[in-house]
Amino acid sequence: MNILVCVKQVPGSSAVKVDDKTGLLIRPKKGNKLNPYDLFALQAALDIKDCDGSPVSVLTMGPPQAMEAISECLWMGCDEGFLITDRVFGGADVLATSYTISQGIRKAGAQDLILCGKQTTDGDTAQVGAEVAEHLGIPHLSNVISIVRRDESSVTVKALQENLIVTETLELPCLLCLDADINTPRLPSYKRMKEMGEAKVKVLTFADFEDQDKSHYGLKGSPTQVQKVFPPEKNDNRVLYKGADDKLAAKLSSILKERKFI
Amino acid sequence: MGLIIHNNLINEEKARALMGSCPFGAMEYKDGKLSIGMQCKMCKACVRKSDGAITFEEEQASLIDKSLWNGVLVFCEHYEGHIHNVTFELLGKAKELAKVNDEPVLALMIGHNITSKAQELYNYGADSVYVYDDPGLKDFLIEPYANVFEDFIKAVKPSAILVGATNVGRSLAPRVAARLHTGLTADCTSLEMTESKDLVQIRPAFGGNIMARIMTPNHRPQFCTVRYKIFSKPPRIESDKKPIAMTVTPQMLASHARIEEIEVKSPDVDISEADVIVQAGRGVKTQKDLELVEALAARLGARMACTRPLVENGWFSAKQQIGLSGRTVKPKLLICVGVSGAVQTVAGMKGSDCIIAINSDPEAPIFDVAHYGLVGDLYKIIPSFLKELDNVQ
């Protein structure tokens, strides 16, 4: 079966801050990395490849440097990489992002199984996978913890649903969002890196897409608008104790006694 | 619409300054022209710094007739008719939001043999409860549930929709929002309603120490998800109204997936229900050092929780993480040990009755939310505290 994994490059440190005085955002200094939640989806795809030789493609949407994330995936064992990049796609919310990705997937060739991570560490919405499936008109299942069996036309998986474990069979093609910690992700192979060098990545831009209506992409295609960003409210009733550590331990003890926890 | 760069007002020096002001590194200066790449998150930091060299062009007049969309809808999360508490919390919030413009509070319940259970939604403040009750809807399957939800929205036209950020809600809400080409804001921590029926959705954003105020000004319905324990459950007031039955058609039940088996998990050590929690953060240097924190938890009869980095280290299961990407907790006592207090983390603990933080960095943002802050070394404070307790007994 043809497998495609959707990944994202995220900031190495996710901590964007607000300057208290100017109200401006302060950029984190560290570099970028592959979204850690995507590693489990990649591993699940590569497990299937190890079993039956299924080709695994990887696709991302981002600025040109997101190429690095694709290279990492190829060095792990993925066969083909796609990078969706174009200024037209900037400022996209969940709807526009998922629509853009779905357009990219349509250009990446016929897929049987599309795998996503649970969420990203920079957006934290955990919504893009489900919206991509809707745009593609295929079923999806979130919180998948294991792939039980598969054949030419379907895949059977276990997924978490609050306090239930649901075993479900989905016809192919379908999209699965995999939970974290369900396998042990592999590292990029040094040997593959040496062999492949700078990986071959297919770049997809707006001009490559079927849907040429610019109003479906980027800021224009985004129903939600960020009105403003602001630092979180501070707690003015707090009490801060400083001093010798044994005094602080005694303080802890007296707070807990006063509040009847000990 | 979007950001417009007036390059005639920009020289190289100004361009460099503006590039430095962008938190996402989305600007590029090439051949005397400043441009904005797709990393742009529309935070508009550059607009404020540019003295008019970058302007934001607002959206043209609204294309939709908002008067056709009315009511604040709560999607009812349940399993075999047992309603999840997040539903009641959302009904309480929906009532506040609906009051602003005198809109009705609506509730939607989908399942099988649930009509009598749906009555309970009236007791928590719904004005109208709609039920799709059919054997084909017994278990949650994404396609039939999305079809039914779509049918409901097209029939009743609610203006705003609140969905619990449970596994089902996080799967269903995006699916339906995408189908209706409308916006969805995940994990809102605060909601307000404007007098023009626009839902103000506030959530921590960009993964960092920032809150974003998000609106869906030109699309209806306005979708958002909210996690369990963010809002408070309203008082129960008995009502004798009857749920409204909606028609389920065979077309709605078409599915490319089927349920093979459902097992009920043995209840987790679920931190979201715990009364006393001790949370470890990155200030705990090694996995071995966790023993110290665990000793504190054991002494207080507390559940152990952690921050995201410790889950990423593999020291804890993701279920033990407090934060936007983990669980929301509302305990009577939360002790944060070596937790810095990123907004991501803090978003999951705001409702706690009493937060005590131990951290050696007096500037750590955790002290902004903690009721009691102890600025000191956890490796000394905790042993000293435990020793004192032992001496007392």
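Colleague: I'm lost on unusual backbone geometry in this one. Help?
Modeller: Leave glycine aside and you will find that most residues have negative phi; peptide bonds, for their part, are mostly trans. With an omega dihedral of -5 degrees, the bond running from A:Leu172 to A:Pro173 counts as a cis peptide bond. Position of A:Pro173 relative to the elements: it lies in the loop between strand E11 (164-171) and strand E12 (174-178). The step from B:Arg220 to B:Pro221 runs through a cis peptide bond, and the omega angle for that step is -10 degrees. Turning to its location among the elements, B:Pro221 is positioned in the loop between strand E14 (211-215) and strand E15 (222-226). Of note, the phi angle at B:His181 is positive, near 50 degrees, even though the residue is not glycine. Positionally, B:His181 belongs in the loop between helix H7 (167-179) and strand E11 (184-185).

Colleague: Is there a simple way to explain the pairing of strand E9 (residues 140-150) of chain A in this structure?
Modeller: When a strand is regular, its side chains alternate between the sheet's two faces. All names here are of chain A. Here 3 bridges tie E9 to E12, and the two strands are oriented parallel to one another. From the neighbouring strand, valine 144 faces E12, where its bridge partner is leucine 178. Across 5 bridges, E9 lies against strand E10 (residues 154-161) in antiparallel orientation. Paired with arginine 149 across the strands is threonine 156, a residue of E10. Hairpin geometry of E9 and E10 is characterised by an intervening segment of 3 residues between the two adjacent antiparallel strands.

Colleague: It is not clear to me how the pairing of strand E5 (residues 72-75) of chain B should be interpreted in this structure. Could you clarify?
Modeller: Residues and elements named next belong to chain B. Residues Val72 and Val74 line one face of E5 and the alternating positions Leu73 and Phe75 line the opposite face, and both faces are buried. In terms of strand pairing, E5 meets strand E8 (residues 105-111) through 4 bridges, oriented parallel. Residue pairing in the sheet places valine 72 in a bridge with valine 105 of E8. The pairing of E5 with strand E10 (residues 160-164) spans 3 bridges and is parallel. Note on E10: the bridge partner recorded for valine 72 is alanine 160.

Colleague: Where do I start with the environment of A:Glu131 in this structure?
Modeller: Within the secondary structure, A:Glu131 is located in helix H4 (residues 128-136). A:Glu131 gets classed as buried once you look at its relative accessible area, which sits at 0%. For the pair A:Glu131 and A:Gly62, spaced 69 residues apart in sequence, the C-alpha separation works out to 18 Å. When residues no more than four places from it in sequence are discounted, the contact partners of A:Glu131 are A:Val94, A:Leu95, A:Ser98, B:Pro174, B:Ala177, B:Ala178 and B:Leu184.

Colleague: Looking at this model, I keep getting lost on the pattern of salt bridges. Mind explaining?
Modeller: When charged atoms on two side chains of opposite charge get close, those side chains can pair. Under the defined criterion, the tally for this structure stands at 29 salt bridges over all chains. The closest approach of N and O atoms between A:Glu195 and A:Lys191, which form a salt bridge, is 3.6 Å. Separated by 4 residues within a single helix, A:Glu195 and A:Lys191 lie in helix H5 (residues 190-196), roughly one turn from each other. A:Lys191 carries the same exposure label as A:Glu195, and that label is exposed. As a salt-bridge pair, B:Lys14 and B:Asp51 come within 3.8 Å of each other at their nearest N and O atoms. Taken together, the residues span a long stretch of sequence, with B:Lys14 in helix H1 (residues 12-21) and B:Asp51 in the loop between helix H2 (45-49) and strand E4 (54-57) at a distance of 37 residues.

Colleague: Is there a simple way to think about the domain arrangement of chain B in this case?
Modeller: Size of an interface: often given as the accessible area lost when the parts come together. Residues and elements named next belong to chain B. Domain annotation of chain B identifies domain 1 (2-57), domain 2 (66-253) and domain 3 (271-392). Computed over C-alpha atoms, the centres of domain 2 and domain 3 are 33 Å apart. Taken together, both faces of the contact between domain 2 and domain 3 bury some 1100 Å²; the carbon and sulfur share is 50%. Remark: the boundary between domain 2 and domain 3 carries 0 salt bridges. Scanning the region where domain 2 abuts domain 3 turns up 6 residue pairs in polar contact (both at pLDDT 80 or more). In terms of residue class, the side of domain 2 that touches domain 3 is made up of 6 nonpolar, 5 polar and 5 charged.

Colleague: What is the right way to look at the packing of H4(A) against H7(B) in this model?
Modeller: Relative placement of two packed helices is described by the angle separating their axes and the distance separating the axes. Two numbers describe how H4(A) lies on H7(B): the axes approach to 8 Å, and their chain directions differ by 40 degrees. When the axis of H4(A) is compared with that of H7(B), the two are oblique. Classified by chirality, the crossing of H7(B) by H4(A) is right-handed. Between H4(A) and H7(B), the residues in contact are A:Ala130, A:Glu131, A:Ala133, A:Glu134 and A:His135 and B:Ser171, B:Pro174, B:Arg175, B:Ala177, B:Ala178 and B:Arg179, respectively. Of the residues contributing to the contact of H4(A) with H7(B), the split by class is 5 nonpolar, 2 polar and 4 charged.

Criteria and cut-off values
- Residues numbered from 1 in each chain as written.
- Chains lettered and ligands numbered in written order.
- Predicted model: local features only at pLDDT ≥ 70, side-chain atom pairs only at ≥ 80, totals over all residues.
- Heavy atoms only, no water.
- Helix = DSSP H or I, 4+ residues; strand = E, 2+ residues; numbered from the N terminus.
- Pairing = 2+ DSSP bridges.
- Buried < 20%, exposed > 50% of the residue type's maximum accessible area, 1.4 Å probe, protein only.
- Contact = heavy atoms within 4.5 Å.
- Salt bridge = Lys/Arg side-chain N within 4 Å of Asp/Glu carboxyl O.
- Domains from an automatic or database assignment.
- Buried area = accessible area lost by both parts, 1.4 Å probe.
- Polar contact = N/O pair within 3.5 Å; in protein donor to acceptor, adjacent residues only side chain to side chain.
- Nonpolar A, V, L, I, M, F, W, Y, C, P; charged D, E, K, R; others polar.
- Axes fitted to C-alpha atoms, helices over the stretch in contact; angles between N-to-C directions.
- Parallel < 35°, antiparallel > 145°, perpendicular 65-115°, else oblique.
- Left-handed = near helix turned anticlockwise from the far one by under 90°.

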